[in-house]
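Take a look at the letters that make up each chain.
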Amino acid sequence: MGKRFSRGPDAPGGASRKRQKVVHEAPTHEDVHASRQLSQLLAFDQDVARARHGLQSFKVFLNAMLSSSENKNDDNSSDLDRAGILRDYLRFVQPRENGGPEGDEGSQQPYLPDIMQTWSYANQTNNENLMSAVPVVLALLLKVLSRSLEMVPYGLGICRTLLQKRQLELISRNLSTDKGKAFIISPTLRLLREAVSFDGGAVAKPLFRARASTFKSLARNMGIVHMGEEAEDEKKPSPRTTAVLFFLSAIKFLHPEAKKELVSQRDVVAALTRDLKQDPPYLVLELLGRLREGVLMDEKVPHEAKGNLLNVSTLVRISGLYQYRQTEDSKLPSIADAAHEFLVTACTNPSCGVLRQDQGFYPRDIDLNAVLPPAELEELGLEAIVWMNRYKKEIPVRNFTLSNFLPNLRPWASVKQSDLVTAIFKVAPELVAGFFLDNKSFTFDPKLSATWIGYAAFLFKTVTLPLPEHFSRGSGFPQLPPPLVVDNILPLPLSQKALVRCLANKSNMVSFFATRILVVAIEKLDAAAKMYQDPSHANEGLWVEAARRLVDEFCQRIPGIKDMINSYRSIPEADILHREAASRLLRLCYEVTPQVALLAKFDVSPFLEKSLGQLSEQKFDDPRDFAMSLKELENLLAIAGYSPGMRWFSASEALTLSPFTMLLKVCVDAPNGVSLDGIRRVLDFVAVEQQLVPAQKEHPGLLPLLEALQVLSQSSPELVSHIWAFLDNCLTRCGTAPIKYLEMMQDLVGELDSNKTEAVASPLAVTLLEQLPFAISAGDKEVLGALGKFLPKFFGLLVTGGESRPLLDAIYAKIAALFKSSKAKLAHKKIPGDLAFEQNTWPPKERRPTRIAKDTASSNAPSTSEEVMDDEELQNTLDTPDGLTADNSALVKWATKAVDELIDDGYVASLIKLLASEHASIRKEALVNILKAAAKIRESEHEEKEQIWLLLSELAETARAGHIESGPLPSTGVAFACHALAVLRDPLSSLYPKINQFLARGPVWNLDRLPLVDEVLLEEPAVGDSYYAQVNWLLGYLLDGLRTPKDLELFHKRRARGPVLERVLVLAGNPFMRLPLRTQVLRLLYRITGIEGGSTTMTTRFGVVNWLEAQEKACGEKEGDRQLARLYRGLKGRVWRTCDKERVGEWSKGGIKGLCEGDGDV
């Protein structure tokens, strides 16, 4: 074996194996005074120290030029000297073959050959100091040259030199060096940034063409971030900062095709925003601004490319800037505001590539032009649409990018994020239902915290979003109704349980949020219902059925009326905003969802009295508080208009005056500028209904009384206070016994000439005459003095308003005679003439009919009471789908469902309906399955299992006793069972006690009688003032149970208290019955006209034609009355067209025919 040699430093042929220590020495420099000196310093030299010395001297020279140009206070002479030196040097080193700075012949010859050779030598020797120094000097040089127009040609030559093959290899080598060598990477990126932006991007296109070298390792270099706890120095940026700035400069100056290719590089796009939250503020602002202007708003960049840039990851990272920590002393704009503006633009502008055209409330997989067979729609209704109930767990959408981005936002924690989400919902409504369906982590259970308040505010903004026109993006309504409307009106977190808890919460703020959300939700429901009722629908009956289902689903998801009333009662008097919102909520329930409002009694009188007392006492320091209290009063008055038991002329212990007089006092005492139109409409309405004033269209109503009181209040404020008690007494007497004063007025008319028999005056004037002697006998001088000034003004305004002057003269003469017998005096001995309305406009430019609940169209619109509703319109209004339509699949489906689903989703009801099937086999199978379902329910943990089991068992026994093998069960019994099942599901229903009492009577029902008719129509409600709610339930089940001539026999069969149909007609004569219930009665009559012999029976036995004629004549001139009159006329014509004309003509001796033909109904 040979001898081993030592491998120490002195060993032959080998160096030490120990790693050599690298020492970085700072280069030296000297001042440059001449171009020749500069040329010598930059001449190529293999001595690294001398080469670095020259480059460092050039760097100091260029930095001095930049600093002097930025600081205008420096000596300009030295700046000019340096510019001359640089110009001479560049002229000296330019390619000789070029012949000029912009020639093409010597384009292969490089500019600055010595510097380029030094760079090449550094690459060959792997000298990192020189590899860094050369790009630093070149970047500074291009920056200096870009500031001088005459030196731009030299800069372009240098940029073209950088695009030569040898220089591109050097650039590529520098960019792809180790990640730890930032001192090489950053200068190279700065050099490329200066080159791409030089002279307005003159070389941007060829620079991008050489992207294999110039954009090499760009994604990797964007990931080399600043390390350390201190903030990044703007003068020494990290490779990431420099790389991002280079990318943004390229975006600014590249053409659209190049931008498309650049933003299509996934690794670059991902790296661009990966460390965005750690970037300095100026870089973040530059990135957001440049991407917005250079990509998003550039219409020439394809949408596909924009979509590649704004993917879910990019949007999520930019949304992270909402929590960007910015120093308080920063003078830069807010990062959060800039990010919000960027995201709103990107997500809501269709041209930005993220937002896609959706189908409104229709999911992606629904064909808007799909048409179902009419026969199938007529038979099955909404059940024929297979996708109507499909979207309970997942909703397919077109905007999948936004759908995946939205769950990453926290709208409850940031106002800006909440605004962003609602802005997205507004332009892409298909996302609303899916957002809340997929994000169930946060509930709306009341917890008074900042998070809950933020979430409540976000839900409020969501509910206030407008409905898309036509529920879709088309120019008209689709053929079929949308499936997801209720979830867009009332988002899923707003469950009934959560809302009830919010309304009952002790915190007024929690209750106020819930109240405001419910108010806007009901208003939105009203708008949606009007869209469902649009006459342009192709399948109008289907849309009407969908509207009913929408309202029913909405009513099941909101709190009950009792919860709303209790919440309103608990609000302090000082919380005016909350009280106004709660009163508006109750008003909307009466107007939009009467089926909810009528489930409980609400005595509005105490609240009305309290509101009137506050307004009359003028306790408000701020006029805005007075205005809000007026709005609350208007809401209460509207509710009172729906209550038939409202006592307008009955003073309580809390008020010295009646509510009607208190309203007058509020109008007189109200400050200027406050709108009183709503209260005046109420006053006019009550005055006409109670016959205080004539019910003529042209009559000014109570306007003369208001005008006289207001004038007296302004001229003599101390006098008007003495009139109220006397005036209240007169109004109360006239309102409670109007017939008496109408007869007195007729006696006065009889005392006039015979040609004045048609004279008209307000009964109130006669009441004043009757009660004046009692006031005079009381001897109160202040009251009589006030009346002496008030009465002439009042009677003069009545004459101006169009009442009979002779009749008023006669009344006024008697008043003047009474005053002569007392010490008081009238201001005028005769009625003053030519009085004008000073405080109110008369005659108005546009007369409007009086109505409490809502404003209606002007009264000068053409009357529709004389128009006849055609068959199609009558059918669309009164025809309802068969509520007992059989679904044979229920025989199989129910067995796999849970008990809650059996009851709540209608599977048990479907089994019950099959007992009315025409096929005996189906009826038998249905009976067996009903007994099995009853046993399953009884063994479950359902709260109402015993009552439902008893209902199903008694129904089965009744079916057996009726020999179900021989024929179907009567439709009335089946309909009653279905409707009774719905009542038993809700123990709070007012009919719950009556249904249980009925079931306790015996195991078998007597189907020759209609169940619960007497109990509903004759007995008092067991729960509150719910009479009309029970009547609505009764009419609903009677309508569903009326299908065949055999069913009709039960309606006209003689009974102790009269036939059922006769009692229904008597019920409709109730003057306090509202339009929905009257329409339900008319639907019942319309259903009878479709049954064989039904019209003839109604005409000959019940005189329905005369009844319709009387109801039509009783209709007034209001919009709702005119529409109801058209229904009466149209139904009258249908009765005549569908009856046995020969038999009816013989029975009526031609009277019915003449009545219908005279009205044009034939």
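Quick notes on the rules
Residues numbered from 1 in each chain as written. Predicted model: local features only at pLDDT ≥ 70, side-chain atom pairs only at ≥ 80, totals over all residues. Heavy atoms only, no water. Helix = DSSP H or I, 4+ residues; strand = E, 2+ residues; numbered from the N terminus. Buried < 20%, exposed > 50% of the residue type's maximum accessible area, 1.4 Å probe, protein only. Contact = heavy atoms within 4.5 Å. Areas by Shrake-Rupley, 256 points an atom, 1.4 Å probe, with all protein chains shown as cover. Axes fitted to C-alpha atoms, helices over the stretch in contact; angles between N-to-C directions. Left-handed = near helix turned anticlockwise from the far one by under 90°. Core = buried A, V, L, I, M, F, W, Y, C linked by side-chain atoms within 4.5 Å. Disulfide = S-S within 2.5 Å. Parallel < 35°, antiparallel > 145°, perpendicular 65-115°, else oblique. Nonpolar A, V, L, I, M, F, W, Y, C, P; charged D, E, K, R; others polar. Salt bridge = Lys/Arg side-chain N within 4 Å of Asp/Glu carboxyl O. Phe/Tyr/Trp six-rings, centres within 6.5 Å; stacked < 30°, edge-to-face > 60°. Lys NZ or Arg CZ within 6 Å of the ring centre and 35° of its normal. 1 Å grid on protein atoms, 1.4 Å probe; cavity = no way out; pocket = protein on both sides within 12 Å on 5 of 7 lines; lining within 4 Å. Points joined across faces, edges and corners; volume = space filled by probe spheres on them. Patch = residues over 30% accessible without salt bridge, like charges linked within 9 Å, V, L, I, M, F, W, Y side chains within 5 Å. Lys, Arg positive; Asp, Glu negative; His and termini not counted. Charge placed at Lys NZ, Arg CZ, Asp CG, Glu CD. Expected span 1.5 Å × (residues − 1). pLDDT = per-residue confidence, 0-100.

1. Side note on the overall build of the protein chain
Part 1 of the reasoning: Broken down by element type, the protein chain carries 59 helices and 0 strands.
Part 2 of the reasoning: By residue count, 53% of the 1162 residues in the protein chain fall in the buried class.
Part 3 of the reasoning: Considering only intrachain contacts with a sequence separation of at least 6, the fraction spanning at least 24 residues in the protein chain is 74%.
Part 4 of the reasoning: Carbon and sulfur atoms make up 48% of the accessible area of the protein chain, which totals about 54500 Å².

2. Observations regarding the side chain of threonine 1089
Part 1 of the reasoning: Relative to the assigned elements, threonine 1089 resides in helix H54 (residues 1075-1089).
Part 2 of the reasoning: For threonine 1089, the residues in contact, after removing those within four places along its chain, are Ser1095, Met1098, Arg1134, Val1135 and Thr1138.

3. As for the packing of helix H53 (residues 1060-1068) against H54
Part 1 of the reasoning: Put simply, H53 and H54 touch, their axes get as near as 10 Å, and they point 145° apart. Note on packing geometry: the crossing formed by H53 with H54 is left-handed. Judged by residue contacts, Leu1061, Val1064, Leu1065 and Ala1068 of H53 engage Arg1078, Val1081, Leu1084, Leu1085 and Ile1088 from H54.

4. Side note on the nonpolar core
Part 1 of the reasoning: Of all hydrophobic cores here, the largest spans 278 residues; its most connected members are Leu86, Phe247 and Phe444.
Part 2 of the reasoning: Listed in part, the 97 residues of the second largest apolar core include Leu884, Ala916, Tyr992 and Trp1033.

5. Quick look at the state of the cysteines
Part 1 of the reasoning: One pass over the full model with this rule turns up 0 disulfides.
Part 2 of the reasoning: For the unlinked cysteine cysteine 352, the closest cysteine sulfur is that of cysteine 347, found at 8.8 Å.
Part 3 of the reasoning: Free cysteine cysteine 589: the closest other cysteine sulfur is in cysteine 555, separated by 8.2 Å.

6. Section: the packing of helix H4 (residues 113-125) against helix H5 (residues 128-145)
Part 1 of the reasoning: Axis separation between H4 and H5 bottoms out at 8 Å; the angle between their running directions is 155°. As summarised for this structure, H4 and H5 are arranged roughly antiparallel, according to the angle between their axes. Crossing handedness for the pair H4 and H5: left-handed. Contacts between H4 and H5 pair Ile115, Met116, Thr118, Trp119, Ala122 and Asn123 from the former with Leu130, Met131, Val134, Pro135 and Leu138 from the latter.
Part 2 of the reasoning: Taken together, the residues of the contact of H4 with H5 break down into 9 nonpolar, 2 polar and no charged.

7. Points about the environment of alanine 977
Part 1 of the reasoning: Relative to the assigned elements, alanine 977 resides in helix H48 (residues 971-984).
Part 2 of the reasoning: Using a relative accessible area of 0% as the deciding quantity, one classes alanine 977 as buried.
Part 3 of the reasoning: Note: C-alpha distance between alanine 977 and glutamate 954 (23 residues apart in sequence) is 9.8 Å.

8. Quick look at the pattern of salt bridges
A pair can form between side chains of opposite charge whenever their charged atoms are brought close.
Part 1 of the reasoning: The full count for this structure, using the stated rule, is 31 salt bridges.
Part 2 of the reasoning: For arginine 50, the salt bridge identified is with aspartate 47, shortest N-O distance 2.9 Å.
Part 3 of the reasoning: Look at arginine 50 and you get partly exposed, because its relative accessible area is 49%.
Part 4 of the reasoning: The residue arginine 960 makes a salt bridge to glutamate 957 at a minimum N-O spacing of 3.1 Å.

9. Digging into the environment of leucine 950
Part 1 of the reasoning: Mapped onto the secondary structure, leucine 950 falls in helix H47 (residues 945-961).
Part 2 of the reasoning: Considering only alpha carbons, one finds leucine 950 and alanine 1000, 50 residues apart in sequence, at a separation of 8.9 Å.

10. Focus: the packing of aromatic side chains
Part 1 of the reasoning: Counted under the stated rule, the structure contains 32 aromatic pairs.
Part 2 of the reasoning: A connected cluster of aromatic rings, assembled from ring pairs, spans Trp412, Phe425, Phe435, Phe436, Tyr455 and Phe458.
Part 3 of the reasoning: Seen from the ring of tryptophan 949, arginine 938 lies directly overhead, with NZ or CZ sitting 3.7 Å from the centre.

11. Describing the layout of surface pockets
Part 1 of the reasoning: Considering only enclosed or pocket space, the second largest pocket measures out at about 1500 Å³ in volume.
Part 2 of the reasoning: Lining the second largest pocket are 36 residues, and of these Val136, Arg190, Lys235, Lys236 and Pro237 sit closest to its centre.

12. Focus on a negative patch on the surface
Part 1 of the reasoning: Side chains of Glu376, Glu378, Glu379 and Asp879 sit close together on the surface and give a patch of like negative charge.
Part 2 of the reasoning: Along the chain, glutamate 378 turns up in helix H19 (residues 374-380).

13. Points about unusual backbone geometry
Part 1 of the reasoning: The phi torsion at leucine 112 lies on the positive side, around 50°, for a residue other than glycine.
Part 2 of the reasoning: Assignment of secondary structure puts leucine 112 in the loop between helix H3 (76-93) and H4.
Part 3 of the reasoning: With phi around 65°, leucine 1012 is a residue other than glycine that occupies positive phi space.
Part 4 of the reasoning: On the secondary structure map, leucine 1012 appears in the loop between helix H49 (992-999) and helix H50 (1013-1018).

14. What to know about the side chain of threonine 188
Part 1 of the reasoning: Relative to the assigned elements, threonine 188 resides in helix H8 (residues 182-196).
Part 2 of the reasoning: For threonine 188, a relative accessible area of 0% corresponds to the buried category.
Part 3 of the reasoning: Once residues lying within four places of it in the same chain are set aside, the contact partners of threonine 188 are Pro135, Ile171, Asn174 and Leu175.

15. Brief notes about helix H27 (residues 540-557)
Part 1 of the reasoning: Compared with the 26 Å implied by 1.5 Å per residue over 18 residues, the 26 Å span of H27 between its first and last C-alpha is a close match.
Part 2 of the reasoning: Three or more residues of H27 are buried, namely Leu542, Trp543, Glu545, Ala546, Ala547, Leu550, Val551, Phe554, Cys555 and Arg557.
Part 3 of the reasoning: Tucked inside the fold, the buried residues of H27 contact H19, helix H24 (485-489), helix H25 (496-503), helix H26 (508-532) and helix H30 (594-597).

16. Some thoughts on helix H34 (residues 677-689)
Part 1 of the reasoning: Helix length check: H34, at 13 residues, gives a terminal C-alpha distance of 18 Å against a target of 18 Å (1.5 Å per residue), a fit within 8%.
Part 2 of the reasoning: For H34, the full list of buried residues reads Gly678, Ile679, Val682, Leu683, Phe685, Val686 and Ala687.
Part 3 of the reasoning: Check the buried side of H34 and you find it contacts helix H32 (623-641) and helix H33 (659-669).
Part 4 of the reasoning: Two residues or fewer past H34, glutamine 691 is found with a positive phi of approximately 60°.

17. Looking at the confidence of the model for the protein chain
Should the pLDDT be low somewhere, the predicted coordinates at that spot are not to be read in detail.
Part 1 of the reasoning: Averaged over every residue, the pLDDT of the protein chain is 82; residues scoring 70 or more account for 88%.
Part 2 of the reasoning: Confidence over residues 3-16 falls short of pLDDT 50; this stretch has 5 contacts with residues more than four positions distant or in other chains.

18. Quick notes on the environment of threonine 451
Part 1 of the reasoning: One can find threonine 451 in helix H23 (residues 450-463).
Part 2 of the reasoning: Not counting the four nearest positions on each side in its chain, threonine 451 is found in contact with Trp412 and Phe442.

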